[in-house]
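One-letter residues, chain by chain:
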Protein chains: 2
Amino acid sequence: MTKKEIAPIIIGKLLNIGGMLQKNGNYMLQPFDLNQQQFSILFSIYESGKVNQKSMVNKLVLEKAHVSKVVKKLHGMELIDIKPSDDDKRSSWLIITEKGKKTVKACQKIMYKWNEDWTKDIELSKLQTALESLQVLQSLFNENT
Amino acid sequence: MTKKEIAPIIIGKLLNIGGMLQKNGNYMLQPFDLNQQQFSILFSIYESGKVNQKSMVNKLVLEKAHVSKVVKKLHGMELIDIKPSDDDKRSSWLIITEKGKKTVKACQKIMYKWNEDWTKDIELSKLQTALESLQVLQSLFNENT
DNA sequence: AATAATTAGTTGACAAGGAAACTATATTGT
DNA sequence: ACAATATAGTTTCCTTGTCAACTAATTATT
């Protein structure tokens with residue numbers, strides 16, 4: 001197979017897998033009233049301790065309008081606090097609440113379980129190879145978009 | 001790294017790459033008034049010569065409601081013909097039009113170009129490794145969802 | 001210091017995609 | 001043959017995500 005032949009197959013598979021994972025994520029998070037994207041934003045706040053929207057837009061490469069709306073939803077669900085920043089009055093600090101922490105942990109539990117399931121029958125070395133390949137692809141796409 | 005550590009990173013990367021590719025696809029197809037999903041449905045009709053919605057729903061793993069709407073749009077754009085089937089009056093044959101063929105080819109041209117760009121600096125062997133990994137992952141996820 | 005240009009975040013309008021109910025036709029079981 | 005069930009596709013309603021215009025605050029320019 002030539003590069004020309006292989007490239008579109010790789011793209012096709014990545015799109016297919018991405019879609020499947022998103023659907024599956026949404027499905028698993030359903031009981032928490034969150035979808036995969038919303039969780040990734042919540043998780044990012046959880047990890048950082050204290051962030052503003054801008055840094056999340058950069059980190060997760062999302063639309064700022066979208067992040068703004070999700071933040072509103074998460075705040076409405078009392079999963080995060082919003083504290084006005086002193087240095088820059090345009091932006092606020094997003095901080096996870098106790099309830100938010102509990103939610104993140106509960107979600108993670110389900111995800112860990114699922115990860116155990118799908119990695120059950122594959123050797124670690126193959127996973128490592130896959131990760132390396134993904135890293136290469138990711139950097140190639142980052143450069144060429 | 002253990003499986004437990006590596007698994008969520010792989011998932012994260014796949015979601016990230018999938019999102020990037022979708023965005024990039026939408027962007028490239030913009031001049032044709034199509035998005036990545038719509039093109040994949042159009043392309044599937046183009047490839048098959050003659051299909052009904054059901055087989056596309058199966059092949060591409062999409063919601064039938066969604067496919068129905070996209071088919072309507074593609075028909076409205078005169079990219080496909082809809083011919084009632086004789087064997088089953090509930091379903092119709094979807095057939096690409098001349099205009100549709102032209103559109104597919106024009107889209108492919110752009111995509112080929114982009115594929116050349118991002119594969120320019122990577123060896124074929126690495127692409128092959130990546131494809132193999134993706135195939136493994138895809139089948140794992142298919143089993144575990 | 002005053003004006004212009006950026007930047008953080010919000011809002012509103014709109015397209016995309018998913019779930020469920022629905023229509024019309026086909027298939028199955030008795 | 002007839003009722004029950006299943007299937008192909010459509011429609012409706014709702015949420016999500018994108019784009020563009022906007023507000024308010026900040027930084028840069030003269």
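Residues numbered from 1 in each chain as written. Chains lettered and ligands numbered in written order. Predicted model: local features only at pLDDT ≥ 70, side-chain atom pairs only at ≥ 80, totals over all residues. Heavy atoms only, no water.

Close to DNA strand D lie 24 residues; His66(A), Lys69(A), Lys54(B), Lys72(B) and Arg90(B) are nearest. Close to the protein, within 4 Å, the atoms of DNA strand D are drawn from sugar and phosphate at a rate of 67%. In this structure, Lys89(A) approaches DNA strand D through a main-chain N or O atom, which is 2.8 Å from a phosphate oxygen. Arg90(B) is positioned such that a nitrogen or oxygen atom in its side chain is 2.2 Å from a base oxygen of DNA strand D. Those elements that provide at least two residues to the surface near DNA strand D are helix H2 (36-48) and helix H4 (64-76) of chain A together with helix H3 (53-60) and helix H4 (64-76) of chain B. With five residues, H4(B) is the largest single contributor of residues to the surface near DNA strand D. (Near = heavy atom within 4 Å. Polar contact = N/O pair within 3.5 Å; in protein donor to acceptor, adjacent residues only side chain to side chain. Helix = DSSP H or I, 4+ residues; strand = E, 2+ residues; numbered from the N terminus.)

Let us now look at the protein's contact with DNA strand C. The full set close to DNA strand C counts 24 residues, and Lys54(A), Ser68(A), Lys72(A), Arg90(A) and Lys69(B) are the nearest of them. For DNA strand C, the backbone makes up 68% of the atoms found within 4 Å of the protein, where backbone means sugar plus phosphate. The side chain of Gln53(A) places a nitrogen or oxygen atom 2.7 Å from a phosphate oxygen of DNA strand C. In the model, a phosphate oxygen of DNA strand C is placed 2.6 Å from a nitrogen or oxygen of the Lys72(A) side chain. At the level of elements, helix H3 (53-60) and H4 of chain A together with helix H2 (36-48) and H4 of chain B are the ones that each hand at least two residues to the surface near DNA strand C. Looking at the surface near DNA strand C, the element that brings in the most residues is H4(A), giving five residues. Taken together, the residues of the surface near DNA strand C sort by class into two nonpolar, nine polar and 13 charged. (Nonpolar A, V, L, I, M, F, W, Y, C, P; charged D, E, K, R; others polar.)

Attention now goes to the relation of the copies chain A and chain B. With an axial shift of 0.0 Å and an RMSD of 0.1 Å, the rotation relating chain A to chain B amounts to 180 degrees. Here the two chains are linked by the operation of a two-fold rotation axis. Closest approach to the rotation axis among the C-alpha atoms of chain A is made by Gly18(A), whose C-alpha sits 2.3 Å away. Interface overlap between copies is the fraction of interface residues in one copy that are interface residues in the other; for chain A against chain B it reaches 98%, indicating a shared surface. (Least-squares fit on C-alpha atoms with pLDDT ≥ 70 in both. Contact = heavy atoms within 4.5 Å.)

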